[in-house]
Amino acid sequence: MATPSPVNVGRLTQIAGFELVRMFLTKRGLIALAAFALVWLVILRYPIGQAVGIISSPDFEQIARDISGSIGLSKLLDWPEAEFAMYWLIALYSFPVFSLFICSDQTVGDRERGTLRFLSLRSTRFEILFGRFLGQLAVLTCLVGITLIATLAVLGFREPSLLAGGLGRAVSIFLILIVTFTPFVALMSLINTFASSSRLSIVLAILYFTAGGIIVGLLEWQIPALSVLDYLFPGVQIELLAGQNLPLLSALAIPLGQTAVLLAVAQRIFARSSL
Amino acid sequence: MKSLITGRNLSKSYGSKLALNNVNFEIQKGAPVALVGPNGAGKTTLFSLLCGYIAPSMGELEILGHKPGSAALFNKVSALPQDAQLDPRFNIDKQLSFYAKLQGMGTKQSQIEALRVLDLVGLSEVAKNRAGDLSHGMRKRVTIAQALIGSPQIVMLDEATAGLDPIHAREVRELVSELSSQATFILSSHDLTELERLCSQVLHLDKGILSEHQTKAANTDKHFYTLMLSEAYQNVEQQLQALDGVSRVYMSQHKEYVIEYQPTSDSLDIALLQFCHQHNWQYRQLVNGHTLENQIFKQEKL
């Protein structure tokens, strides 16, 4: 196969942009979006909308503080924008699972159908792989952005004076969430290089986290020094991150490092695979 | 003249199966080149190597001086890979326009280009249809259209007319014939008559081994005629054998005879046709030389 060529930014942008078209302008993408919107309407209406009242209740606050404190979430209770505290927790744990599903068909469907053969005559394999990854990340970014704006609207509806502070909080949450979700998208980019269908990609991702987690857990139990293997799993830092107990540098470096490794492995496999 | 494509000692194996065995060939700029052979002979493997979809197990392959799949070949080499499909969820004009953009065209130009190539294959009226809503034949023609985007120097079509009705297969042949002055086509097909009409160089693959044949003007074998009759007549071989200058006659297949003649025999073709007329034999075709089919399969019904 061909020797590595310089990345053409124009082609990369076209490939990434086409993923947005695929999500927002195709019937299948719009159905997925509608389902996503419905789920988030329920989340915004109940957990976020109503939990604010519960968290803000003076009677409940101490109990909540005790419970939250025991699992390291007490800092969240200090946020004046309680909606964002609830959003933060729901988004942090739900989007990674969601991203495994919506990013499950980055290259595998096109490879099985032969569509990648048309693409590979016009762009390098790296551009295809990385462009699709960026495209899926852009889709995820849009969805996180939309839900954050909706949460901001709920906050503004309850207490307009919190809007200015809420905006700053929304921006920081947005950036950290996107970086946190990046390795999940990269993991699906990697699995797509050898899986034979998007469904199998999802199954393999679930197996990676479950069976992989058990194996690594057993290894660590035998040899504690192997705890470094935890970093094989995207989201390893989420538990600490949820309670705002992780330094910002680690919150950014861990997922970005994982993403770089996953994409490098994916590219190595993809460049050598038959189309 | 510098070769467009050069393959040297090219081999490809899948596990223990050798799909291509030490293949050597050169393709020059010019008339379409045919790649023929039975199923499993290695044609699609060779196409896949040429397109950079797979890597050779051994040997070297160069297209316009570059390795297959190289970015330097984008916009210069295009292909219709066998069985490859467009995304069924998108409008075909959107997909073709996307490919045109990848080839460096602007938004407006890419839309015009998508319609131009769809028009070439007679599908401009379904430009807004999704690929999944088209018939098998239409989908095939759209994939041919994608191979014509831009101005490629080399166009490789693997089984381009397979699955097309006779009218559209003919249109594709005419299209290839029209465009062959602008690009060098490499065609694979099981329809040898089709390839014989279009191509001058024939690469014949069988069990991974390559041999070359020539057709039409490049056919230097002037000592044979192939006569195809409309009906089966009695003692044709013996009667043709009696003609002056004929050294040998044999039936290559039903109602088809190969006539070997002395190089000094002038106007034997005229004599042959007169002979048919005198004996009231209806003939369908008189080929100057061997048919491609006979060259490849050397069928001699004795």
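Here goes a summary of the coordinates provided. Model, not experiment: these values are computed from the prediction.

The rules behind each value
- The residue count restarts for each chain, going from 1 along the sequence in the order it is written.
- The order in which chains are written sets their letters, starting at A; the order in which ligands are written sets their numbers, starting at 1.
- Side-chain atom pairs in this predicted model are given and counted only at pLDDT of 80 or more, local residue features only at pLDDT of at least 70, and totals for whole chains, interfaces and linings cover all residues.
- Comment: elements are numbered from the N terminus, with helices defined as DSSP H or I runs of at least four residues and strands as E runs of at least two.
- With C-alpha atoms as the basis for the radius of gyration, the globule rule is written as 2.2 Å multiplied by the number of residues raised to the power 0.38.
- Burial is judged by counting other C-beta atoms within 10 Å of a residue's own C-beta: 20 or more means buried, 12 or fewer means exposed, and anything between counts as partly exposed, with every C-beta placed from the backbone.
- By the convention adopted here, residues make contact when the C-beta atoms placed from their backbones lie within 7 Å.
- Basically, the charged four are Asp, Glu, Lys and Arg, the nonpolar ten are Ala, Val, Leu, Ile, Met, Phe, Trp, Tyr, Cys and Pro, and anything else, Gly included, counts as polar.
- Whether two strands pair comes down to DSSP finding at least two bridges between them.
- Only the stretch in contact is used when a helix axis is fitted, and all axes are lines through C-alpha atoms; the angle between N-to-C directions ranges over 0 to 180 degrees.

Further remarks concern the overall build of chain A. Counting secondary structure elements, chain A contains 11 helices and zero strands. Starting at the N terminus and ending at the C terminus, chain A contains elements arranged as α-α-α-α-α-α-α-α-α-α-α. The C-alpha radius of gyration computed for chain A amounts to 20 Å, which stays within 12% of the reference 19 Å derived for 275 residues, consistent with globular compactness. For chain A, the residues scored as buried account for 36% of the 275 residues in total.

Take the environment of Cys276(B) next. Residues and elements named next belong to chain B. On the secondary structure map, Cys 276 appears in helix α8 (residues 268–278). Exposure remark for Cys 276: the 18 C-beta atoms within 10 Å place this residue in the partly exposed category. Along the chain, Cys 276 and Val 236 lie 40 residues apart, while their C-alpha atoms are 9.9 Å from each other. Beyond its immediate sequence surroundings of up to four residues, Cys 276 is in contact with Trp 281 and Tyr 283.

Further remarks concern the interface of chain B and chain A. Contacts between chain B and chain A engage 28 residues on the former and 22 residues on the latter. Elements supplying a minimum of two residues to the side of chain B that touches chain A: β5 (77–80) and α2 (92–102) of chain B. In terms of residue class, the side of chain B that touches chain A is made up of 16 nonpolar, seven polar and five charged.

All names here are of chain B. One non-glycine residue, Asn 9, lies in positive phi territory at about 50 degrees. Inspection of the secondary structure assignment puts Asn 9 in strand β1 (residues 5–14). Residue Asn 235 is not a glycine yet carries a positive backbone phi of 50 degrees. Topologically, Asn 235 is positioned in the loop between β10 (224–229) and α7 (236–241).

Residue and element names in this part refer to chain B. Here four strands make up an open sheet; going across it, the order is β11-β12-β10-β13 and the pairing antiparallel. Each edge of the sheet is formed by a strand with only one pairing partner; in this case those strands are β11 (246–253) and β13 (283–288). Averaged over all pairs of adjacent strands, the angle between their axes in this sheet comes to 20 degrees, without regard to strand direction. In terms of strand pairing, β10 meets strand β12 (residues 256–261) through five bridges, oriented antiparallel. Residue Tyr 225 lies in a different strand from β12, and its bridge partner there is Ile 259.

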